Amino acid sequence: MTANPSIAADPAAALAFLVSAGADVALAETPRRWLEAPPPNAVQAPAPPVTATTPRAAAPPPAAPADHPARACADVPALLALLGRFPDARTRPPLLFHGALESRVWVLIDRPDHDPGHRETIDRMLAAIDLDWSRAALISRLPWPTPGDGEPTPHQLARFTPVVERLAELAPPAHVLALGQVAAELAGSQARLGSSRGRWFDWRGAQLLPSIHPRAMGSNKELKRQAFEHLKLFRAAIA
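Being a predicted model, the structure only gives us computed values, none of them experimental.

Each value, and the rule that gives it
Residues numbered from 1 in each chain as written. Predicted model: local features only at pLDDT ≥ 70, side-chain atom pairs only at ≥ 80, totals over all residues. Heavy atoms only, no water. Buried < 20%, exposed > 50% of the residue type's maximum accessible area, 1.4 Å probe, protein only. Helix = DSSP H or I, 4+ residues; strand = E, 2+ residues; numbered from the N terminus. Arc of directions from axis to C-beta. Contact = heavy atoms within 4.5 Å. Polar contact = N/O pair within 3.5 Å; in protein donor to acceptor, adjacent residues only side chain to side chain. pLDDT = per-residue confidence, 0-100. Pairing = 2+ DSSP bridges. Axes fitted to C-alpha atoms, helices over the stretch in contact; angles between N-to-C directions.

Topic: helix H3 (residues 76–84)
Then, number 1: Of all the positions in H3, only Val76, Leu79, Leu82 and Leu83 are classed as buried. Along the axis of H3, the buried positions cluster into a sector of 115°, meaning they face one direction only.
Then, number 2: Here the buried face of H3 lies against strand S1 (97–99) and helix H5 (154–170).
Then, number 3: You can read the cap of H3 off the contacts: a side-chain oxygen lies 2.9 Å from the backbone nitrogen of alanine 78, and it is on aspartate 75.

Here we look at the confidence of the model for the protein
Then, number 1: Averaged over every residue, the pLDDT of the protein is 83; the share at 70 or more is 72%.
Then, number 2: Predicted confidence is poor over residues 50–59, with pLDDT under 50, and the contacts of this stretch with residues over four places away or in other chains come to zero contacts.

Here's the deal with the sheet that holds strand S4 (residues 175–179)
Sheet strands pair by backbone hydrogen bonding; their relative direction is either parallel or antiparallel.
Then, number 1: What the six strands build is an open sheet, ordered S1-S3-S2-S4-S6-S5; its pairing is mixed. Of all strands in the sheet, those with a lone pairing partner are S1 and strand S5 (201–203), marking the two edges. The average angle at which neighbouring strand axes cross in this sheet is 30°, direction not considered.
Then, number 2: Alignment of S1 against strand S3 (residues 137–140), held across three bridges, turns out to be antiparallel. If you follow glycine 99 over to S3, its bridge partner there is alanine 137.
Then, number 3: Against the sheet, helix H4 (residues 116–128) makes contact with S1, strand S2 (105–109), S3 and S4, and its axis sits at roughly 150° relative to S2, the strand it touches most.

Below is the structure:
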C-alpha cells in the first residue's frame, strides 16, 4: 500500500490515522494485526486517575535507646567519665557543664561554639543581670561542637540528650535559661517556636525560659533588646 503523501508530511494527521485504526500502544512485544478485533485477554484496564500527592509527614526524631549508658551513671563524675570514653574526647574535652551546678540555675545552650565570641557574649549577658559562673551553670546539650558549626542533627541530639537528662536528675535545676531553639526544645516542640521566647515552660520540675542565642542575634538591635528583656525576667524569677 502506498502511503498518503499528505499524512506523511503532517505528523498530526499521521497520529490521527493511527488512532482511528485502533492503535493503543506505540510498540508491543509481538506483532498485531490492528484491523482485527483484539483477543479478550488483551483488553487493558484503565489507568487509575491522577490524584494530588499527599505530602509525607516528617519522620519523628530518633529516640534514644532505653539502655543508654547515661541512665546507669550514679553521679556527675560518672557522667563525665562516660563522655570521656567517646572518640571525640581524644581531640577535645567535652563540655557538659561549666560553673556552679549547686546554684540550681542553668544557662542551657545547644552546643559549644567554634567562635569564642559567642561564649564571651553569654558571659556579658549574665554580668548584665549580676550573675556569673559562681552562681549559675552553663549546660550544653551536645558536649562538642558540630562539624562545620552546623545545627545539631536529630541523631546527635538523640545520642546525647539522655546525658543532660541524667544530669538534671543528679543535680536538679530550679530555673533554666535556654538560649536558642534547640536548647529550648528540651521542654517540648512548642518551646522551640520563636513565639515561645519570654514564656515559661515546665521541664522536669524546673522552670525553663526560652531566649535568643548570641549566634542568632548578630548585630540585630531588636533581638538584643528582646534578649535583655528575657534576662531581666529570668533574674526576677531567681531572686
